[in-house]
Amino acid sequence: MDTLPMLFTTAVIVGGLYWFICILGSPERKGKRAIDLSGGSIDNDKVQDNYNKYWSFFKRPKEIEKTDNVPAFVDTFYNLVTDIYEWGWGQSFHFAPSLPGKSYLEATQIHEETAVDFLNVKAGDKILDVGCGVGGPMRAIASHSGANIVGITINEYQVERARMHNKKAGLDTLCEVVCGNFLEMPFDDNSFEGAYAMEATCHAPKLEDVYTEIYRVLKPGRLFVSYEWVTTEFYDANNKDHVKIVQEVERGNALPGLRHYSDISKIAKKVGFQVVKEKDFAKPPAGPWWTRLKMGRVAYWRNHVLVVILSFLGIAPKGTVDVHDMLCVTADYLTRGGEAKIFTPMHTILCRKPE
Ligand SMILES: C=C(CC[C@@H](C)[C@H]1CC[C@H]2C3=CC[C@H]4[C@H](C)[C@@H](O)CC[C@]4(C)[C@H]3CC[C@]12C)C(C)C
Ligand SMILES: C[S@@+](CC[C@H](N)C(=O)[O-])C[C@H]1O[C@@H](n2cnc3c(N)ncnc32)[C@H](O)[C@@H]1O
């Protein structure tokens, strides 16, 4: 081949690859690019083993039920998925009701601000973020309220990411992140003016254990709000399709077992909280939360191709394709759960610790 056509062909291929990887595969919000996908705190050569280990938990359900094993299993899960979440979803690892005329990112921010508005927070108050991820909600809430937010997550890699984002956003004076287990929090009794948990306490093997801890660290008279993942009144434990959907939602999201919506307030009361309000934000007039997952189908295919190429080239760790495939399946079952109305990720409970 002549030099000129060869140079032209090479330029087209390189340009095409650059466009496919860096432009088409760009993150929802600044943060992660496809070429930076990693296994969190896990060494690249151990990602595949850890994925197999994660999956094997579900072959031994008795092991998941052992409370002591759950935080480590959840930690492994977040090492595997955190970069893919940030790349394909953004810095807030939760759902939001879709709102007419608002983008998904705007709706997400509104859902976050709604939570803190429930808490009657004022600037300077110290607020706890239970299971803070990489801190998307914490930053939105700190900017919205002027409160000081302390987030806790079990995953060291998320702590690193959250601190980096806080600094970059100029919010590191208001937002602090601690690595720890929300079942045994390293905080003093009666030390927070408010607390919120966004789609995080669903990872607790026993909800009462995490609610007891939140109750302990909250000041008397103060409020706690949580967005809970639960099955709804339409879930039928004798319906095979329902059971399958719930099982797949649990497997793809590191859940030790979904709870029924009616258990939440009973548990809150049992640990001493007064229940101020309970509401499922997925119910009308709210638009369906799962449309964002459905809209992503073409993007999933593109992401799949991208992940296969990056793994093949040794840029993404071996095992990334399996993790990504697991998430594609999860997205499908979450959508089915939403459409069948048997599952909601936004059953909201607002509680007060009595004076
Ligand atoms: C609260 C939890 C997480 C909720 C959501 C943030 C995530 C649940 C399923 C995830 C995703 C599914 C499909 C992925 C897609 C295949 C990939 O290409 C890009 C990322 C996804 C869209 C990913 C993003 C995050 C979720 C929507 C649980 C864990 C309690
Ligand atoms: C789905 S993410 C939600 C993150 C964040 N609330 C958001 O909306 O972006 C769940 C979070 O709970 C944290 N988590 C789960 N189990 C935990 C535990 N036992 N202790 C501390 N954090 C935990 C995870 O590490 C993760 O950060």
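Conventions used here
Residues numbered from 1 in each chain as written. Chains lettered and ligands numbered in written order. Predicted model: local features only at pLDDT ≥ 70, side-chain atom pairs only at ≥ 80, totals over all residues. Heavy atoms only, no water. Near = heavy atom within 4 Å. Polar contact = N/O pair within 3.5 Å; in protein donor to acceptor, adjacent residues only side chain to side chain. Areas by Shrake-Rupley, 256 points an atom, 1.4 Å probe, with all protein chains shown as cover. UniProt positions renumbered as here; feature names shortened; annotations may be inferred. Helix = DSSP H or I, 4+ residues; strand = E, 2+ residues; numbered from the N terminus. Contact = heavy atoms within 4.5 Å. Axes fitted to C-alpha atoms, helices over the stretch in contact; angles between N-to-C directions. Parallel < 35°, antiparallel > 145°, perpendicular 65-115°, else oblique. Left-handed = near helix turned anticlockwise from the far one by under 90°. Nonpolar A, V, L, I, M, F, W, Y, C, P; charged D, E, K, R; others polar. Salt bridge = Lys/Arg side-chain N within 4 Å of Asp/Glu carboxyl O. Buried < 20%, exposed > 50% of the residue type's maximum accessible area, 1.4 Å probe, protein only. Core = buried A, V, L, I, M, F, W, Y, C linked by side-chain atoms within 4.5 Å. Expected span 1.5 Å × (residues − 1). Bend = angle between axes of the 7 residues up to and from the residue. Patch = residues over 30% accessible without salt bridge, like charges linked within 9 Å, V, L, I, M, F, W, Y side chains within 5 Å. Pairing = 2+ DSSP bridges.

**A short note on the site of ligand 2**
Step number 1: Ligand 2 sits among 19 residues. The nearest are Phe-93, Gly-131, Thr-153, Gln-158 and Phe-182.
Step number 2: Between Gly-131 and ligand 2, the recorded distance is 2.8 Å, taken from a backbone N or O atom to a nitrogen atom.
Step number 3: Between ligand 2 and the protein, one listed contact pairs a nitrogen atom with a backbone N or O atom of Phe-182 at 2.7 Å.
Step number 4: Taking 590 Å² as the accessible area of ligand 2 by itself, protein coverage stands at 97%.

**Digging into the UniProt feature "transmembrane region" (unreviewed entry) in the protein chain**
Step number 1: In this numbering, the UniProt entry assigns the feature "transmembrane region" (unreviewed entry) to residues 6–25 and 299–316.
Step number 2: In residues 299–316, the share of helix is 78% and the share of strand is 0%. The end C-alpha atoms are 18 Å apart.

**Section: the side chain of Glu-86**
Step number 1: Checked against the element boundaries, Glu-86 lands in helix α4 (residues 70–88).
Step number 2: Looking at Glu-86, its side chain comes within polar contact range of the side chain of His-165, at 2.9 Å.

**Details of the side chain of Thr-344**
Step number 1: With respect to the element layout, Thr-344 can be found in strand β8 (residues 343–352).
Step number 2: Among the polar contacts listed, one links the side chain of Thr-344 to the backbone nitrogen of Met-346, at a separation of 3.0 Å.
Step number 3: Not counting residues up to four positions away in its chain, the partners in contact with Thr-344 are Glu-228, Trp-229, Val-230, Thr-232, Asp-280 and Ala-282.

**Section: the packing of helix α5 (residues 104–118) against helix α6 (residues 136–145)**
Step number 1: α6 packs onto α5 with a crossing angle of 60° between their chain directions and a minimal axis gap of 9 Å. Here α5 lies oblique to α6, going by the angle between them. At the point where α5 passes α6, the crossing takes the right-handed sense. In this structure, α5 contributes Gln-109, Glu-112, Glu-113, Val-116 and Asp-117 to the contact, and α6 contributes Gly-136, Pro-137, Ala-140, Ile-141 and His-144.
Step number 2: For the contact of α5 with α6, the class distribution of residues is four nonpolar, three polar and three charged.

**Quick look at the pattern of salt bridges**
Step number 1: In this structure the tally under the stated criterion is 13 salt bridges.
Step number 2: Its salt-bridge partner being Arg-33, residue Asp-36 comes within 3.3 Å of it at the nearest N-O pair.
Step number 3: Close ionic contact of Lys-219 with Glu-193 constitutes a salt bridge, the shortest N to O distance being 2.4 Å. On the criterion of sequence distance, the pair formed by Lys-219 in strand β5 (residues 218–231) and Glu-193 in strand β4 (residues 192–198) is long-range, its members being 26 residues apart.
Step number 4: A relative accessible area of 13% means that Glu-193 is categorised as buried.
Step number 5: Each member of the salt-bridge network shares a partner with another, and the members are Asp-189, Glu-213 and Arg-216.

**Describing the nonpolar core**
Step number 1: By size, the foremost hydrophobic cluster in this structure holds 43 residues, and its most contacted members are Leu-119, Tyr-196, Trp-229 and Trp-289.
Step number 2: Element by element, the count of residues in this core is highest for β5, at four residues.
Step number 3: Among residues more than four places away in sequence, those in contact with Tyr-196 are Leu-119, Ile-127, Leu-128, Asp-129, Val-130, Pro-137, Met-138, Ile-141, Ile-149, Phe-224 and Val-225.

**What about α4?**
Step number 1: Along its 19 residues, α4 runs 26 Å from first to last C-alpha, staying within 8% of the 27 Å computed at 1.5 Å per residue.
Step number 2: Along its length, α4 shows its largest kink, about 45°, at Val-81.
Step number 3: In terms of residue burial, α4 counts as a mostly covered element, since 16 of its 19 residues are buried.
Step number 4: Two residues or fewer after α4 comes Gly-90, characterised by a positive phi angle close to 120°.

**With respect to a nonpolar patch on the surface**
Step number 1: Together, Phe-312, Leu-313 and Ile-315 make up a nonpolar patch on the protein surface, roughly 360 Å² of accessible area in all.
Step number 2: Looking at the secondary structure, you find Leu-313 in the loop between α12 (297–312) and α13 (320–339).
Step number 3: Residue Leu-313 is classed as exposed on the basis of its relative accessible area, which comes to 52%.

**Points about the site of ligand 1**
Step number 1: With respect to spatial proximity, 22 residues lie near ligand 1, and among them Tyr-78, Glu-199, Trp-229, Asn-303 and His-324 are the closest.
Step number 2: One nitrogen or oxygen atom from the side chain of Asn-303 is found 2.8 Å from an oxygen atom belonging to ligand 1.
Step number 3: One of the side-chain nitrogen or oxygen atoms of His-324 is found 2.6 Å away from an oxygen atom of ligand 1.
Step number 4: Elements that contribute at least two residues to the shell around ligand 1 include exactly α4, α12 and α13.
Step number 5: Classifying every residue of the shell around ligand 1 gives 15 nonpolar, six polar and one charged.

**Let's talk about the UniProt feature "domain: SAM-dependent methyltransferase Erg6/SMT-type" (unreviewed entry) in the protein chain**
Step number 1: In this numbering, the UniProt entry assigns the feature "domain: SAM-dependent methyltransferase Erg6/SMT-type" (unreviewed entry) to residues 77–354.
Step number 2: End C-alpha to end C-alpha, residues 77–354 measures 36 Å, and it is 45% helix and 20% strand.

**Details of the pairing of β5**
Step number 1: By the criterion of burial, β5 is predominantly enclosed, with eleven of the 14 residues buried.
Step number 2: Strand direction decides the pairing type here: β5 and β8, joined by eight bridges, are antiparallel. Across the sheet, the residue bridging to Glu-228 is His-347, located in β8.

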